[in-house]
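# Secondary and tertiary structure notes
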Amino acid sequence: MKAVSNAPVGSKKRFDIWGFVIHAALVVVSLICFLPYLHIVAKSFSEDAYVIANKVYLLPQGFNIEAYTKIFADASILRSLYVSVIVTVLFTILGMVVTICAAYPLSRRQLKGRSTLTFIFLFTMYFSGGIIPEYMLINNLGMLDTLWSLILPLSFSAFNLLIMKTTFTHSVPISLEESARIDGAGHFRILWSIVLPLSKPILATLSLFYAVGRWNAYQDALFYIKHNVDLRPLQLKLYYLIVQASESFQLEATQVTLSNPEVMKAAVVVFATLPIICIYPFVQKYFVQGTMLGAVKE
């Protein structure tokens, strides 16, 4: 005799339909994010005539690598890339150290007044002094035309602090912390040996946030790096290329000569985004890991 299933008729079909809808929506969203970048890549490898005629869509027309050749031949762009790498690495390290040192004590119940301190940090997310006071502060500190003007001002994020504080609060059970204290561990030992290893996903995520945010930023460099052109990051160089493309300005401090600046602009966009694209796959694996995977069984 055949077993009779108690599942309602058509339930499996409805499940498959919803699964198809979800996958289709994810594909559409992915294409919305990917196709514009693919268009930029195709434009960077196309000949000027096809770009001027707006005949380049998703595939290069008249394959041409002259733009990339000129990028690697231009010492100022390569120097800007080097500055961006150095600033991003130092900025990410400093930002994570400051955020961890602020988030851990705020996540401990032993700290008196932690609610007030958290509110003070939260207040800065809604109200700030503005660009002019920030510029005056950087000027008074003597950091204009230095790398520190690109590293120190934005190296702390209240938003990232609140995320890390919440993670520290819920990632480490009280029983695990009490066991460490019984064994004689202090706050530094608990932070280094227990809290941070259990918080690898959030550490990787916030490190990526800091790195991507610093890598893509150019406005502070536009304000603070005025005379020392050797310290201009790659993104500021890209900004000047955009200005040149839109207002027909002569390229600053370079020997690049293209009949159509759109090709050079597209090549620099690809050149500037490749480092982050290469780093992301190594960090993405931590996003799906549980913070308490195998740590404690209660």
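This one's a predicted model, so the numbers in the text were calculated from it and none came from an experiment. (Residues numbered from 1 in each chain as written. Predicted model: local features only at pLDDT ≥ 70, side-chain atom pairs only at ≥ 80, totals over all residues. Heavy atoms only, no water.)

### Observations concerning the layout of surface pockets
Over the atoms a probe the size of a water molecule is rolled, and this reveals where empty space is left. Taken as a whole, the largest pocket spans an internal volume of roughly 670 Å³. Together, 22 residues line the largest pocket, and Glu134, Pro153, Leu154, Phe156 and Tyr224 are the ones closest to its centre. Residue assignment for the lining of the largest pocket shows that the elements contributing at least two residues are helix 5 (114-126), helix 6 (131-140) and helix 12 (219-224). The element contributing the most residues to the lining of the largest pocket is helix 6, with five residues. Along the lines of polarity and charge, the residues of the lining of the largest pocket split into 16 nonpolar, four polar and two charged. Of the pockets and cavities examined, the second largest pocket occupies roughly 240 Å³. Of all the secondary structure elements, the ones that give two or more residues to the lining of the second largest pocket are helix 8 (158-171) and helix 9 (174-182). Examining the composition of the lining of the second largest pocket, we find that four residues originate from one element, helix 9, more than from any other. Looking at the lining of the second largest pocket residue by residue, the class counts come to three nonpolar, three polar and six charged. (1 Å grid on protein atoms, 1.4 Å probe; cavity = no way out; pocket = protein on both sides within 12 Å on 5 of 7 lines; lining within 4 Å. Points joined across faces, edges and corners; volume = space filled by probe spheres on them. Helix = DSSP H or I, 4+ residues; strand = E, 2+ residues; numbered from the N terminus. Nonpolar A, V, L, I, M, F, W, Y, C, P; charged D, E, K, R; others polar.)

### Structural notes on the packing of aromatic side chains
Tallying each qualifying case throughout the model produces seven aromatic pairs. Plain terms: the ring middles of phenylalanine 45 and phenylalanine 63 are 5.4 Å apart, the flat faces sit at 10° to each other, and that makes the pair stacked. Separated by 18 residues along the polypeptide, phenylalanine 45 in the loop between helix 1 (11-44) and helix 2 (48-52) and phenylalanine 63 in the loop between helix 2 and helix 3 (66-73) bring together distant segments of the chain. The rings of Phe45, Phe63 and Tyr68 are connected pair by pair, giving a single aromatic cluster. The aromatic ring of phenylalanine 91 is capped on one face by arginine 214, whose charged end is 5.9 Å from the ring centroid. (Phe/Tyr/Trp six-rings, centres within 6.5 Å; stacked < 30°, edge-to-face > 60°. Lys NZ or Arg CZ within 6 Å of the ring centre and 35° of its normal.)

### Concerning the nonpolar core
In this structure, Met96, Ile100, Met164, Phe168, Ile190, Val195 and Leu203 are the most contacted members of the largest nonpolar core, which totals 23 residues. Put simply, the parts of the chain that give this core at least two residues each are helix 4 (75-107), helix 8, helix 10 (187-198) and helix 11 (200-216). Per-element accounting of this core gives the leading share, seven residues, to helix 4. Grouped together as the second largest cluster of nonpolar side chains are 18 residues, Ile77, Trp215, Met264 and Ala267 included. (Core = buried A, V, L, I, M, F, W, Y, C linked by side-chain atoms within 4.5 Å. Buried < 20%, exposed > 50% of the residue type's maximum accessible area, 1.4 Å probe, protein only.)

### Considering empty space enclosed by the protein
A full pass over the atoms with the stated rule returns two cavities of 30 Å³ or more. If you add up the space inside the second largest cavity, you get close to 40 Å³. In this structure, the second largest cavity is lined by Ser84, Val87, Thr88, Leu150, Arg214, Trp215, Ala217, Pro233 and Gln235. Listing elements by their share of the lining of the second largest cavity, those giving two or more residues are helix 4 and helix 11. A per-element tally of the lining of the second largest cavity places helix 4 first, with three residues.

### A word on the pattern of salt bridges
Counted by the stated rule, this structure contains two salt bridges. The partner of aspartate 230 in a salt bridge is arginine 79, with the nearest N and O atoms 3.2 Å apart. Of this pair, aspartate 230 sits in the loop between helix 12 and helix 13 (234-247) while arginine 79 sits in helix 4, placing them 151 residues apart in sequence. The closest approach of N and O atoms between arginine 214 and aspartate 220, which form a salt bridge, is 2.7 Å. (Salt bridge = Lys/Arg side-chain N within 4 Å of Asp/Glu carboxyl O.)

### A look at the confidence of the model for the protein
Taken over all residues, the pLDDT of the protein has a mean of 77, while the share at 70 or more is 83%. Confidence, read as mean pLDDT per element, is least for helix 13 in the protein (71) and greatest for helix 4 (88). Per-residue pLDDT stays below 50 along residues 248-259; that stretch engages in 24 contacts with residues further than four places along the chain or on separate chains. Note that residues 290-298 has pLDDT below 50 and, in this model, 11 contacts with residues that lie over four places away or in other chains. (pLDDT = per-residue confidence, 0-100. Contact = heavy atoms within 4.5 Å.)

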